[in-house]
Amino acid sequence: MKIIDTKVIVCSPGRNFVTLKIITDEGIYGVGDATLNGREKAVVSFLEDYVCPSLIGRDPQRIEDIWQFFYRGVYWRRGAVNMTAIAAVDTALWDIKAKAANMPLYQLLGGRSRDGVMVYAHANGKDIGDTLERVAELVDEGYKAIRVQCGVPGLDKVYGVGKGGHYEPADADLPAEHVWATEKYLNHVPKLFAAVRDQFGDDLHILHDIHHRLTPIEAARLGKEVEPFKLFWLEDPVPAENQEGFRLIRQHTTTPIAVGEVFSSIHDCRELIQNQLIDYIRSTVVHAGGITHLRRIADLASLYHVRTGCHGATDLSPVCMGAALHFDYWVPNFGIQEHMAHSEQTDEVFPHAYRFEQGYFTPGEVPGHGVDIDEKLAAKFPYQRKCLPVNRLEDGTLWNW
Ligand code: CS2
Ligand code: MG
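From a predicted model like this one, the values you see are computed outputs, not experimental measurements.

Conventions and cut-offs
Residues numbered from 1 in each chain as written. Chains lettered and ligands numbered in written order. Predicted model: local features only at pLDDT ≥ 70, side-chain atom pairs only at ≥ 80, totals over all residues. Heavy atoms only, no water. Salt bridge = Lys/Arg side-chain N within 4 Å of Asp/Glu carboxyl O. Helix = DSSP H or I, 4+ residues; strand = E, 2+ residues; numbered from the N terminus. Buried < 20%, exposed > 50% of the residue type's maximum accessible area, 1.4 Å probe, protein only. Donors = N, O, S within 2.8 Å, 3.2 Å for Na, K, Ca; no water. Pairing = 2+ DSSP bridges. Phe/Tyr/Trp six-rings, centres within 6.5 Å; stacked < 30°, edge-to-face > 60°. Lys NZ or Arg CZ within 6 Å of the ring centre and 35° of its normal. Near = heavy atom within 4 Å. Polar contact = N/O pair within 3.5 Å; in protein donor to acceptor, adjacent residues only side chain to side chain. Areas by Shrake-Rupley, 256 points an atom, 1.4 Å probe, with all protein chains shown as cover. Nonpolar A, V, L, I, M, F, W, Y, C, P; charged D, E, K, R; others polar.

Chemist: In this structure, what is going on with the pattern of salt bridges? I would like to understand it.
Modeler: A side chain with one charge can pair with a side chain of the opposite charge if their charged atoms come near. Taken as a whole and judged by the stated rule, the model has 21 salt bridges. A salt bridge links Arg 134 to Glu 137, with the nearest nitrogen and oxygen atoms 2.6 Å apart. Highlighted residues: Arg 134 and Glu 137, both in helix 5 (residues 128–140), separated by 3 residues, approximately one helical turn. Exposure remark for Glu 137: the relative accessible area of 40% places this residue in the partly exposed category. Shared partners join several salt bridges into a network, and the residues in it are Glu 235, Glu 261, Arg 282 and Glu 338.

In structure tokens form, the structure reads like this:
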């Protein structure tokens with residue numbers, strides 16, 4: 001089998017996506033997600049100018065060799081753009097291999113390890129009351145796990161809270177500037193968890209995303225204060241360049257920690273995992289080098305009681321979601337999968353086999369990862385640059401968004 005053509009498809013059905021298609025001489029093609037929110041065109045160029053020309057003529061069955069060619073061969077290793085491009089190639093090649101074997105992808109990975117993939121949905125609101133209303137709707141839809149975010153009195157915009165519940169942070173041609181105040185947030189957010197526990201009891205899994213905005217001691221303080229609410233996890237408490245910084249959080253609280261959606265390789269999380277400084281690793285198929293590399297991260301994590309908790313926001317396309325669900329169906333140390341529902345437009349452009357039922361997803365039984373792209377329909381939604389916001393403290397200091 002030979003690769004005879006590739007296509008990089010950029011479209012915007014509700015939001016921007018980049019999709020790689022790899023076509024073989026046997027009529028089988030594979031599809032990979034190459035979306036990097038707010039930096040889409042950087043990955044497009046990386047693929048079109050450097051990666052795709054080297055794919056033509058190669059045997060697509062040699063997934064590992066191709067992965068090594070683009071990882072070791074690029075010289076300037078790692079990084080979000082590079083590893084997202086490699087991930088798209090890897091995902092498309094696994095799709096091809098599974099189609100050629102006439103199997104759903106999870107069978108190639110080792111078969112399913114569970115009956116369904118537990119997912120968590122997002123509940124957000126401008127205040128605690130609004131968020132509670134959304135939690136109630138999601139509980140009625142059958143979700144067992146819900147991430148809760150709400151507005152903070154005195155702050156105009158905070159991470160995770162959108163207009164009317166739908167949240168799409170990349171919403172401006174150039175980065176919008178938001179104002180952040182840690183103290184106002186720290187004084188308010190424990191009230192949100194108390195209200196959710198009070199109304200929905202102890203069995204609902206509650207998650208929360210701090211989105212990199214605290215210092216380790218602030219995260220330690222918050223983790224300790226919210227222990228009575230038994231959260232499933234606190235996510236991204238602090239930026240993770242300094243992996244050692246998580247030790248300070250660990251010393252003060254038993255609230256579980258999740259991190260990793262911005263990681264692009266195993267080296268970004270090696271110390272966190274080996275020192276058991278986290279409980280869930282959030283790395284994804286689309287940003288951490290594809291199925292091939294994510295399996296390595298999961299295997300390392302399994303040695304240290306760390307479970308997977310893959311990122312699954314709307315800026316990860318249904319192609320990533322589909323591949324992730326096959327990975328989740330197989331991976332022995334599975335924790336949970338994020339699922340932020342895509343728009344109807346997006347779902348029409350990306351027909352998929354995965355299905356939701358009572359809080360769990362199954363990836364589907366069609367050969368491959370079960371997600372395709374309708375190129376004709378995609379062409380009706382042209383790309384428009386959209387950037388993620390930046391954050392400033394009230395004194396104007398540039399802070400983590
Ligand atoms: C968030 C993401 O879902 C999450 O956990 O951290 O929505 C993140 O803000 C976006 O993926 C950024 O593009
Ligand atoms: Mg997050």
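Okay, back to it.
Chemist: What should I look at first to understand the coordination of the magnesium ion (ligand 2) in this one?
Modeler: Six octahedral donors around a metal ideally make angles of 90 or 180 degrees; four tetrahedral donors ideally make 109.5 degrees. The protein atoms donating to the magnesium ion (ligand 2) are Asp 209 (OD), Glu 235 (OE) and Glu 261 (OE), with metal-donor distances spanning 2.0 to 2.2 Å. Mapping the donors of the magnesium ion (ligand 2) onto the primary sequence yields the spacing D-x25-E-x25-E. With a gap of 52 residues between them, Asp 209 in strand 7 (residues 205–209) and Glu 261 in the loop between strand 9 (257–259) and helix 9 (270–274) connect regions that are remote in the sequence. The buried category is assigned to Asp 209, whose relative accessible area is 3%. A relative accessible area of 12% places Glu 261 in the buried class.

Chemist: Would you take a moment to explain the pairing of strand 15 (residues 390–393) for this structure?
Modeler: One face of the sheet, then the other: side chains in a regular strand alternate in exactly this way. Both strand 6 (residues 177–180) and strand 15 contribute to a ladder of 4 bridges, which runs parallel. Each bridged residue has a counterpart across the sheet, and for Val 179 the counterpart in strand 15 is Arg 392. Between strand 15 and the antiparallel strand that follows it, strand 16 (residues 398–399), lie 4 residues; Gly 396 among them carries a positive phi value of about 100°.

Chemist: I keep staring at the packing of aromatic side chains and nothing clicks. Help me out?
Modeler: Aromatic ring pairs are described here by two measures, namely the spacing of the ring centres and the angle between the planes. Taken as a whole and assessed by the stated rule, the structure comprises 17 aromatic pairs. Here the aromatic rings of Trp 233 and Tyr 280 are separated by 5.2 Å at their centres, their planes lie at 55°, and the arrangement is tilted. Linking Trp 233 in strand 8 (residues 233–235) with Tyr 280 in strand 10 (residues 280–281), this pair joins segments that are 47 residues apart in sequence. In this structure, Trp 233 and Tyr 280 share a single accessibility class: buried. Here the aromatic cluster, defined as three or more aromatic residues joined through ring pairs, consists of Tyr 120, Phe 232, Trp 233 and Tyr 280. Over the ring of Tyr 29 we find Lys 21; its NZ or CZ atom is 4.3 Å from the centre of that ring. Above the face of the Tyr 29 ring, Lys 99 is positioned so that its terminal group lies 4.4 Å from the ring centre.

Chemist: Looking at this model, I keep getting lost on the site of ligand 1. Mind explaining?
Modeler: The full set close to ligand 1 counts 15 residues, and Asn 37, His 211, Glu 261, Arg 282 and Glu 338 are the nearest of them. Side-chain polar atom of Glu 261 to an oxygen atom of ligand 1: 2.5 Å apart, as the coordinates give it. Between ligand 1 and the protein, one listed contact pairs an oxygen atom with a side-chain N or O atom of Glu 338 at 2.5 Å. For ligand 1, whose accessible area on its own is 340 Å², the fraction buried by protein is 94%. Split into classes, the residues belonging to the shell around ligand 1 amount to 4 nonpolar, 4 polar and 7 charged.

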